[in-house]
Structure formats: structure tokens, C-alpha cells
Amino acid sequence: MTATALKKEMDMADVQNSKAWQKACTKADLVAFSGVAAWLETVDGPAQVAIFYLPGLRGQSDELYALDHHDPFSNANVIARGIVGDLKGAPVVASPIYKQHFRLEDGQCLEDESVKLRTWKIEFKGDEVWVEG
């Protein structure tokens, strides 16, 4: 089962203001060391976001990452379905179509320096996952 946060399920916090925090899903919706897709409202319009949950990756804290779900190489929304791994000490996701690697921390493509996915601030608030849009 995949966890996709639908627009109607999101807690919207004054979307007209820029950088509004929005509830995307709950911790129970996440799959450890994998990605899930979520819908995010932004001032520029809706965006699909890939959320990655890497529990205990760096010490005891849970790591959350949010990147654009859209793969610029295949022009498909598939990044959340990619394979999570580690290259050169950095957590990455490999696009499931053409296998380009994107760093989870900053969205940088490791095979093409001119390509970078947008990243989003993300955090747990209790058992809820919130993304800044």
C-alpha cells in the first residue's frame, strides 16, 4: 500500500500567504527508507512532493526530506518511487526511470550539475508530517 496525502486531507494554513506550513500526512503513512508522494499547495499553485523518511540515519533522530516529485529527465512524477541509497556519504534517491541520483538534502543531481530538484522544509509535529509550501 502506498501513502499519498490527498489535497482534501491536508490541513491548510492560510495558503494565500507564502511559505505556509501544511500537514502532508502522518508518521504512520511513511515507509522507512522509502518515499511517498504528497500534494502541496503553494503560492505558485499546486505541487507534488516526494517525502523520504530515513529513521535514525544520523544518530538517534529521524530524518525527513522533501523534494519535487517530478523527474526532469523522464518528465514524469516518479521521484517518490525511486530507490533510496547512499553515494559519497550523502543520502540520495535514484530516479526509477533513468536512474539519475538526487541528493535528498539539496536536490542536486549527481550526474548532471545543471539539474537540481526543488526542496521543501519538512518536520514532524508530534506524529504529523508538516511541509512548508
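Residues numbered from 1 in each chain as written. Predicted model: local features only at pLDDT ≥ 70, side-chain atom pairs only at ≥ 80, totals over all residues. Heavy atoms only, no water.

Going by the annotation in an unreviewed UniProt entry, the name recorded for the protein chain is Nitrite reductase small subunit NirD, with Vreelandella maris given as the source organism.

### Brief notes about the packing of aromatic side chains
Quick reminder of the rule: To pair, rings of Phe, Tyr and Trp, with the six-membered ring standing in for Trp, must have centres within 6.5 Å; the planes then decide the type, stacked if under 30 degrees apart, edge-to-face if over 60, and tilted in the middle. The helix count covers DSSP runs of H or I at least four residues long, the strand count covers runs of E at least two residues long, and both are numbered beginning at the N terminus. Three labels apply to residues, based on accessible area from a 1.4 Å probe with only protein chains included: buried if under 20% of the type maximum, exposed if over 50%, partly exposed otherwise in between. Should the NZ of a Lys or the CZ of an Arg lie within 6 Å of a ring centre and within 35 degrees of the ring normal, that charge is described as sitting over the ring.
Per the counting criterion, the structure on display carries two aromatic pairs. Taken together, a centroid distance of 5.9 Å and an interplanar angle of 90° make the contact between Tyr53 and Phe124 edge-to-face. A residue pair is termed long-range when its members are at least 10 positions apart, and Tyr53 in strand β4 (residues 45-58) and Phe124 in strand β12 (residues 122-125) qualify at 71 residues. On the basis of relative accessibility, which here comes to 22%, the residue Phe124 falls in the partly exposed class. Ring geometry for Phe73 against Phe102: centres 6.3 Å apart, planes inclined by 40°, an arrangement best described as tilted. In this pair, Phe73 sits in the loop between β6 (70-71) and β7 (76-77) while Phe102 sits in strand β10 (residues 101-103), placing the two residues 29 residues apart along the sequence. On the basis of relative accessible area, Phe102 is assigned to the buried category, the value being 0%. We note Lys125 situated over the ring of Trp130; from NZ or CZ to the ring centre the distance is 4.8 Å.

### Some words on unusual backbone geometry
Even without a glycine there, the phi angle at Asn75 is positive, about 60°. Mapped onto the elements, Asn75 comes out in the loop between β6 and β7. Taking relative accessible area as the criterion, Asn75 reaches 59% and is therefore assigned exposed. Unlike most non-glycine residues, Lys99 shows phi in positive territory, near 70°. Tracing the chain through its elements places Lys99 in the loop between β9 (90-94) and β10. Look at Lys99 and you get partly exposed, because its relative accessible area is 45%.

### A closer look at the sheet that holds β9
Spelled out, the test is: In short, DSSP must find at least two bridges between two strands for them to pair. Geometry is summarised by axes, namely lines fitted to C-alpha atoms with helices restricted to the contacting stretch, and by angles between N-to-C directions that run from 0 to 180 degrees.
In spatial order, the strands read β8-β9-β10; together these three strands make up an open sheet with antiparallel pairing. The open sheet is flanked by β8 (83-87) and β10, the only strands paired with a single partner. Taken pair by pair, the neighbouring strands of this sheet meet at an average axis angle of 40°, ignoring direction.

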